[in-house]
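A look at the structure
Below are the chains, spelled out letter by letter.
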Amino acid sequence: MKQKKGRSCFLWFLGLLMLFTLLPLAGLAEGDPKEILNDTDPYILPLEYVGLIPRIDEDFWILQGGCVSGDYGWFATIGAKNSSFYQWTECYIRKYDIRTMEEIARSEKLLLGHANDITYRPDTNELYVLHVYQMKVTVLDADTLAVKGEKRMQYEAHSLSYVPSSQRFVATITTSLMNCYDKDFEKTVDYAFGPANTLVSQGIYADEKYVYHVLYSPKSNTIEPDNIIHVMDYEGNLITKIPIGLKGMEPENISLVDDTFYIAFNVSREAAQLYKGTLVPVE
């Protein structure tokens, strides 16, 4: 009995010691991209399937902007009719429970000019939906998806991300330039967004250190044949390129939740698809 009691006390002490050793690490994401990425060590991003974003009736099947924050994702599904005329393109904004991929809210039919990117602003619980070629964003309530107003931009943009720590927006223009705006969309600074390339500009996610720009390689592109993420700093330096695979599928938007990237792809007329993944070092 004494030996059993002594062993129990030892195990209890060992467990307590491990608890206090690990406690300072609680809440920190393993493999946080802004902490581990650099211009020397290469990484890849293996992706796993999360779920479908299905077509709405016969017309609304083209995925455009989107973002994921916490347990929820918001995605723009635009109609094929008038999709070549940005100012007349209709769309729905749809809210999903990422754990179940159940659609839990849907906006009215809106004119959002292709809704090329969406970013979530947590302090106001709002979505900012970018109008391509129109120098404006539409602001929605993130829960009801009701329109709350519009913000004007000083330049055109193709993608948009809000950075809570600095209370600013980052907007990219094609694959080579970006602008930063304050929380009221008064332009602050222009930055070069890095070297030119032959890829198609898609969505971005920005944190306080880096901008993660997902780029699409069409089947005809033999120069740069892979879908990829360009990781840039705010001085326009290309830090690294992260291959994401899934050749033949078009990545439309990108988000980062802790250490997990979420990327939604246009796949077919039936449904878009959401994938997720964490960084893996290349040995």
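Data block above holds the structure.
Computed from a predicted model, the values in this text were never measured in an experiment.

Some remarks on the side chain of Gln 202
- Among the structural elements, Gln 202 can be located in strand β16 (residues 200-206).
- Its relative accessible area of 8% is what places Gln 202 among the buried residues.
- At 2.9 Å, the side chain of Gln 202 and the side chain of Glu 250 are in polar contact.
- Of the polar contacts made by the side chain of Gln 202, one reaches the backbone oxygen of Pro 251; its length is 3.3 Å.

Details of the pattern of salt bridges
- The final tally for this structure, using the stated rule, is 12 salt bridges.
- A salt bridge links Lys 34 to Asp 32; the shortest N-O distance between them is 2.8 Å. Here Lys 34 and Asp 32 have matching classes, each one buried.
- With a closest N to O distance of 2.8 Å, Glu 126 and Lys 148 form a salt bridge. Residue Glu 126 is located in strand β9 (residues 126-131), and its partner Lys 148 is located in strand β11 (residues 147-152); the two are separated by 22 residues in the primary sequence.
- Residues participating in the shared-partner salt-bridge network are Arg 55, Glu 58 and Glu 270.

Description of the environment of Asn 82
- Checked against the element boundaries, Asn 82 lands in the loop between β4 (72-79) and β5 (90-97).
- Once you skip the residues sitting within four places of it in the chain, Asn 82 turns out to touch Trp 88 and Thr 89.

A look at the sheet that holds strand β2 (residues 48-54)
- Strand order across the open sheet formed by 4 strands is β2-β22-β21-β20, with antiparallel pairing between neighbours. Edge strands, defined here as strands with exactly one partner in the open sheet, are β2 and β20 (250-257). On average, each strand axis in the sheet is inclined to that of its neighbour by 20 degrees, with strand direction left out of account.
- In terms of strand pairing, β20 meets strand β21 (residues 260-266) through 7 bridges, oriented antiparallel. Across the sheet, Glu 250 pairs through a bridge with Asn 266, a residue of β21.

Points about the sheet that holds strand β19 (residues 238-243)
- Here 4 strands make up an open sheet; going across it, the order is β16-β17-β18-β19 and the pairing antiparallel. The two strands at the open ends of the sheet, each matched to only one other strand, are β16 and β19. With strand direction ignored, the average angle separating the axes of adjacent strands in the sheet is 25 degrees.
- With 5 bridges joining them, β16 and strand β17 (residues 210-216) adopt antiparallel strand pairing.

Remarks on the packing of aromatic side chains
- One pass over the full model with this rule turns up 13 aromatic pairs.
- Arranged with centres 5.7 Å apart and planes meeting at 75 degrees, the rings of Tyr 49 and Tyr 275 form a pair that is edge-to-face. Within this pair, whereas Tyr 49 is found in strand β2, its partner Tyr 275 is found in strand β22 (residues 271-277), the two being separated by 226 residues in sequence.
- A relative accessible area of 10% means that Tyr 275 is categorised as buried.
- In textbook terms, an aromatic cluster arises when at least three aromatic residues are bridged by ring pairs, as seen for Tyr 128, Tyr 162, Phe 169, Tyr 181 and Phe 185.
- Here the basic side chain of Lys 95 rests over the ring of Tyr 72, its NZ or CZ set 4.5 Å away from the ring centre.
- Over the aromatic face of Tyr 234 sits the side chain of Arg 168, whose NZ or CZ is 4.4 Å from the ring centroid.

Conventions adopted
Residues numbered from 1 in each chain as written. Predicted model: local features only at pLDDT ≥ 70, side-chain atom pairs only at ≥ 80, totals over all residues. Heavy atoms only, no water. Helix = DSSP H or I, 4+ residues; strand = E, 2+ residues; numbered from the N terminus. Buried < 20%, exposed > 50% of the residue type's maximum accessible area, 1.4 Å probe, protein only. Polar contact = N/O pair within 3.5 Å; in protein donor to acceptor, adjacent residues only side chain to side chain. Salt bridge = Lys/Arg side-chain N within 4 Å of Asp/Glu carboxyl O. Contact = heavy atoms within 4.5 Å. Pairing = 2+ DSSP bridges. Axes fitted to C-alpha atoms, helices over the stretch in contact; angles between N-to-C directions. Phe/Tyr/Trp six-rings, centres within 6.5 Å; stacked < 30°, edge-to-face > 60°. Lys NZ or Arg CZ within 6 Å of the ring centre and 35° of its normal.

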